[in-house]
Amino acid sequence: MGKKKQGGKRRETMTAVFMIAPEILLMLVFIFIPIVHACYISLFDWNALRAKSFVGISNYMKMLKDSTFKNSILITGKYAVIYVSAIYVLSLAAAVFVNSIKGKKRQQVCRVGIYLPNTVSTIVAATLWAFLFNSRNGYINKLLTEAGLKRQLFLGSQSQALVCVAIVGIWVVFGYDMIIFLSALKDVPGDYYEAAKIDGANAVQRFFRITLPLIKGTSIFILITTLVASFQVFDQVRVMTAGGPGKATEVTVYYIFQLAFEQYRFGYASTIAVSLSLILMLVTIVQLKLLKFK
Amino acid sequence: MKSIVRNNLKKGLSGCLTVALLLGVSMGLAGCGKDVPAEDSKEAGTKEESAQGGSEKAEEKGERVEIVYWNQWTQETEINFLEKYVEEYNNSQDKYHVTFLAVPFEEYTTTKLATAFATNEAPDVFECSPAIINQYLDAGVCEPLDDIMTDQVRSDFTEAAFDRVTRDGKIYGIPLDSDLVALYYNKEMLEEKGVQPPSTWEELKEAAAKLNTENCSGFTFEVDKGDWQCFTFYPFVWMQGGNLFTEDGMANLNSEEVVNALQLWKDLLDSGNCNETPGRSVSDISILTNGETAMQINGSWSVLRADPDKYGVVPLPAASPDTGSASVAGGWNVLISNQGDEEKIAGAKDFVSWMWLDKNHVSEFNTEVKFSYCMRDSVIEAGKEVYQSNDNAITFSDKVLQTAKPEIALSGEAKEIVSIMIQDALYNMDAKAAADLAQESMLQYQKDSGAKFTG
């Protein structure tokens, strides 16, 4: 009997190992080895064509004086603020709205409708929105002029381009986050609301006093994952603005791309990639501390 | 729920690290690119052709030396041409077997070629434009081609043909084609507004103002940062008699001519009469042919794509009635990698000699496959009929070709400085300040690197 139990346990362990192994292996190949490799390359002057020449931390010293890098961090920060706050508010609002719909079918239709943009690739979405934002023939401008308003430059304007780029990211992702919020909302026991209702709490009070505190874990998850995603924005910038106009949308990852693949400065690009990861980790830790997540 | 969230949080944190992967992963993937099967290549927007000469030849393939040829010729006519001749070459001998991979331009010059060299997966034969050629020549990854460039072949090329592909007296590349830039316009739109095609900067500004409407911009030039913007900017400096670099190769970016050219572009954009968001590269003539603009800077490659009854071509407008116009000549050069073994290098040389030194192949490529010029007298002579086939072709052949200077071959860092200068002038500061800033950066860069440039 004891032997059987032992054999069962071993089988269970083996099954677990087999199930985890592929992911670990893929993570090793596509995440951890490249991270170590990127850290290594960041210490070299390397244009991908010649042999690497070791420069120690001088790439990092150069980075500290690089105004384009600093500017790109600032733009990434601006993008993060727009993106994270918009996604949080919109996906939560959409989840509350969908949750309040009476009737399973109607709720399903609405959920699918909001989730649908998430099935579109960012490149396709960016191309589509670039047409919509066209300063001359875009539908958004057509609507504005129909309504008697002034034509806007959108992607051609330094003040509007970053928001336009963020809109694409938000449009693609907020449906996905809505689903996560929705599952959290469904976990909140209905009794709490009934008790609050009896005590005379209105809808707003119920939301802020019951719903929000009970979905705090999910909120933090959404805030952190969207923040991480916002620091990695690239596709929309590449397709819609190429970092312009001027440097208005030159986010850090796009700057890294330019350094590596347009200027062939792979060593320095790795330096900035490594630094960006560290910055992002730091921001995430601070965020976790501030939100007091245990 | 909380534990799920916590687990996901851990995943989120590990996501932080992925930014650092950008380079590593990209390089790893690019390294795999060479071995991607043809089906996958097509999905990725590329086309790989393994032109084989029948089953017998395929059987022999195992004994042949494989030669890999990469380029950016992705138009249907270009791929058909390459398929035809690569197959013919493979059938003509049984020592080498060539496969080619045509990669879309933007991917080719950025993520594809450099990463292939970085991961020791370089193609045996590849092509470079002046925008990227310096990186490859300076790195010493190319094989000299002096042994296949016989005196007879050399004498067929123009004097300046090898300027961009020569290092220490050795020729490393075969200039393939020459693309020129001029001003295209919509004949009907100009006629409707009673506007003559502009021949000076002032006329260009006036014409753009008259032609501009809510839905159709008066004039389109490249506003997005990049190689193409620099490429089309150079002639506006040259047409005033100026240069971006002095005779001894040092920065001359805050010269009067550069500032004037920047100011012209700034004035045009600020006027509100130009296309602020073309939505795609201005090298695409469809901006004009779709009716999105009345005038557009574009190149000789569009001669066969823009109906000459509807669209006309004039040289780029001159700075003033007293000065002439200018144009820029870009184009691709065939290079051979020295990273392969001797057999591969010999095979690559044999193939490019057969393929790209043959006058008939080059003629067909520059006239029937695409419309471009060539720095070979015999090719220009052979294509006379095509080069005079319609009004637009005649304008390029008789008025633009003579005013064209070769594109400046800049290093990556130098190109970035020029690009930033143009963007700064257009969006961030006045033209003089942008030029001064760029001059300072370029001098510093040249001092640190010892790099010198011509043009």
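Residues numbered from 1 in each chain as written. Chains lettered and ligands numbered in written order. Predicted model: local features only at pLDDT ≥ 70, side-chain atom pairs only at ≥ 80, totals over all residues. Heavy atoms only, no water.

1. Quick word on the overall build of chain A
- Across its full length, chain A holds 13 helices and 2 strands.
- For chain A, the C-alpha radius of gyration of 24 Å lies well beyond 19 Å, the compact-globule estimate for 294 residues.
- Counting only C-alpha atoms and orienting by the principal axes, one finds that chain A spans roughly 80 × 70 × 35 Å.
- Once local pairs closer than 6 in sequence are excluded, the contacts in chain A between residues at least 24 apart make up 67%.
- Element-wise, carbon and sulfur atoms account for 68% of the exposed surface of chain A, whose accessible area totals about 15,600 Å². (Helix = DSSP H or I, 4+ residues; strand = E, 2+ residues; numbered from the N terminus. Rg over C-alpha atoms; globule rule 2.2 N^0.38 Å. Contact = heavy atoms within 4.5 Å. Areas by Shrake-Rupley, 256 points an atom, 1.4 Å probe, with all protein chains shown as cover.)

2. What about the nonpolar core?
- Counting 128 residues, the largest nonpolar core has Y136, M149 and W356 of chain B as its most contacted members.
- The element that contributes the greatest number of residues to this core is helix 3 (residues 67–100) of chain A, accounting for 12 residues.
- The residues contacting M149 of chain B, other than those within four sequence positions of it, are R154, F157, F162, I171, I174 and L357 of chain B.
- Counting 63 residues, the second largest nonpolar core, distinct from the first, contains C230, V282, M295 and I417 of chain B. (Core = buried A, V, L, I, M, F, W, Y, C linked by side-chain atoms within 4.5 Å. Buried < 20%, exposed > 50% of the residue type's maximum accessible area, 1.4 Å probe, protein only.)

3. Topic: unusual backbone geometry
- Each neighbour pair has its own omega, and for G244 of chain A with P245 of chain A the value is -5 degrees, a cis peptide bond.
- By the secondary structure assignment, P245 of chain A is in the loop between helix 11 (235–240) and helix 12 (252–262).
- The backbone phi angle of A48 of chain A is positive, close to 75 degrees, even though this residue is not glycine.
- Within the secondary structure, A48 of chain A sits in the loop between strand 1 (44–45) and strand 2 (53–54).
- By relative accessible area, which is 3% here, A48 of chain A ends up buried.
- At N120 of chain B, a position not held by glycine, the phi torsion is positive, near 55 degrees.
- Position of N120 of chain B among the secondary structure elements: in the loop between helix 6 (105–118) and strand 4 (125–128).
- A residue is classified by how much of its surface remains accessible, and N120 of chain B, at 68% relative accessible area, is exposed.

4. Considerations on the interface of chain A and chain B
- Between chain A and chain B, the residue contacts involve 60 residues of the former and 58 residues of the latter.
- Of the roughly 5,200 Å² buried at the junction of chain A and chain B (both faces included), carbon and sulfur atoms supply 64%.
- Contact with chain B buries surface across chain A, with L49, R136 and F261 of chain A losing the most and accounting together for 15% of the total.
- Summed over the shared surface of chain A and chain B, the result is 5 salt bridges.
- At the boundary of chain A with chain B, the tally comes to 19 residue pairs in polar contact (both at pLDDT 80 or more).
- Those elements that place two or more of their residues in the side of chain A that touches chain B are helix 1 (2–41), helix 6 (139–146), helix 7 (161–187), helix 10 (216–231), helix 12 and helix 13 (266–290) of chain A.
- Looking at the side of chain A that touches chain B residue by residue, the classes come out as 31 nonpolar, 18 polar and 11 charged. (Buried area = accessible area lost by both parts, 1.4 Å probe. Salt bridge = Lys/Arg side-chain N within 4 Å of Asp/Glu carboxyl O. Polar contact = N/O pair within 3.5 Å; in protein donor to acceptor, adjacent residues only side chain to side chain. Nonpolar A, V, L, I, M, F, W, Y, C, P; charged D, E, K, R; others polar.)

The values are spatial; any link to function lies outside them.
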